[in-house]
Every structure is written in structure tokens, then in C-alpha cells.
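Next come the chains, spelled out residue by residue.
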Amino acid sequence: QEQCNLNNIDFYREFAGRIQGLKTARVSIGRDECVVDEILKEQGLTQVAATQAQKEAAVSRAEEQAVVMLYLRNINQSWHGSMVRYLEDAYATGNDIYPTLL
């Protein structure tokens, strides 16, 4: 839990560097077909009807959302725990206000 000793800027830089390393190594980050399907559905599409470019954009968006979730799960809870709980509570009541990009 060394990230607890980092300030916000340093934690973000370290996190972004690790994510970039995973992307460089071509590690799939959050490529969940259910999430991809939901993103396509928001656009009125299905896996069958979507073009390859639309599918790739949906996969990219799903990966971005996964990165945000990883970030929120790993930030310093003593500093930002109330924000994370607020997002969780809002989601539980049907109000999805989670950020989709870092």
C-alpha cells in the first residue's frame, strides 16, 4: 500500500505510468463483453449490427471506464473515501455519476 504515502499528483502519475505499461504490453484492461454490449446498446447497436470501428470504439470506452474504476479503488481512502462512498451510494439509488475518464 505504498500509494498511501503519495500525494495526489504523484499517485496519478504512478498509476498512469502503470496503465501505460499494461497497454504497451497489450494487456487487456477491462475488456468485458457485457460492458461493451451495454455501450453499443446505448448507441442503438448490437455486436452484429455494429461496424468494426464502432466495436473498437466501444471496447476503448469500456477500457477507459475500467481504468477509472481501478483508479477509484486504489486512491487514498483517508483523503477521498467520502467521495468514493458518495459515488457508490448514488449508483445504488440509480444515479450513475461515476466519471468515465480520468
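Details of the structure are given in the entry above.
The structure presented is a predicted model; accordingly, all values stated were derived computationally and were not measured.

Thresholds, definitions, all that
Residues numbered from 1 in each chain as written. Predicted model: local features only at pLDDT ≥ 70, side-chain atom pairs only at ≥ 80, totals over all residues. Heavy atoms only, no water. Salt bridge = Lys/Arg side-chain N within 4 Å of Asp/Glu carboxyl O. Helix = DSSP H or I, 4+ residues; strand = E, 2+ residues; numbered from the N terminus. Buried < 20%, exposed > 50% of the residue type's maximum accessible area, 1.4 Å probe, protein only. Phe/Tyr/Trp six-rings, centres within 6.5 Å; stacked < 30°, edge-to-face > 60°. 1 Å grid on protein atoms, 1.4 Å probe; cavity = no way out; pocket = protein on both sides within 12 Å on 5 of 7 lines; lining within 4 Å. Points joined across faces, edges and corners; volume = space filled by probe spheres on them. Nonpolar A, V, L, I, M, F, W, Y, C, P; charged D, E, K, R; others polar.

Trainee: What's the story with the pattern of salt bridges in this structure? I'm lost.
Mentor: Two side chains carrying opposite charge are able to pair once their charged atoms lie near each other. Tallying each qualifying case throughout the model produces three salt bridges. The partner of Glu-42 in a salt bridge is Arg-61, with the nearest N and O atoms 3.0 Å apart. Taken as a pair, Glu-42 in helix H2 (residues 33-42) and Arg-61 in helix H3 (residues 52-74) lie far apart in primary sequence, 19 residues in all. The partner of Arg-73 in a salt bridge is Glu-88, and the shortest N-O contact between them spans 2.6 Å. A residue pair is termed long-range when its members are at least 10 positions apart, and Arg-73 in helix H3 and Glu-88 in helix H4 (residues 77-92) qualify at 15 residues. Judged by relative accessible area, Glu-88 falls into the partly exposed class, the value being 30%.

Trainee: In this structure, what is going on with the packing of aromatic side chains? I would like to understand it.
Mentor: When we look at a pair of aromatic rings, we describe it by the centre distance and by the angle of the planes. What the rule picks out here adds up to five aromatic pairs. Plain terms: the ring middles of Tyr-12 and Tyr-71 are 6.2 Å apart, the flat faces sit at 75 degrees to each other, and that makes the pair edge-to-face. Taken together, the residues Tyr-12 in helix H1 (residues 8-24) and Tyr-71 in helix H3 connect sequence positions 59 residues apart. When its relative accessible area of 37% is taken as the criterion, Tyr-12 is described as partly exposed. Taking relative accessible area as the criterion, Tyr-71 reaches 16% and is therefore assigned buried.

Trainee: Help me understand the layout of surface pockets, please; the structure alone is not making it clear to me.
Mentor: Space left empty within the atom packing is revealed by a probe, the size of a water molecule, rolled over the atoms. Considered as a void within the structure, the largest pocket measures approximately 430 Å³ in volume. Lining of the largest pocket is provided by 17 residues; of these, Val-35, Gln-65, Met-69, Asp-96 and Tyr-98 occupy positions nearest its centre. For the lining of the largest pocket, the secondary-structure elements that each account for two or more residues are H2 and H3. No other element matches the six residues that H3 contributes to the lining of the largest pocket. Of the residues contributing to the lining of the largest pocket, the split by class is nine nonpolar, three polar and five charged.

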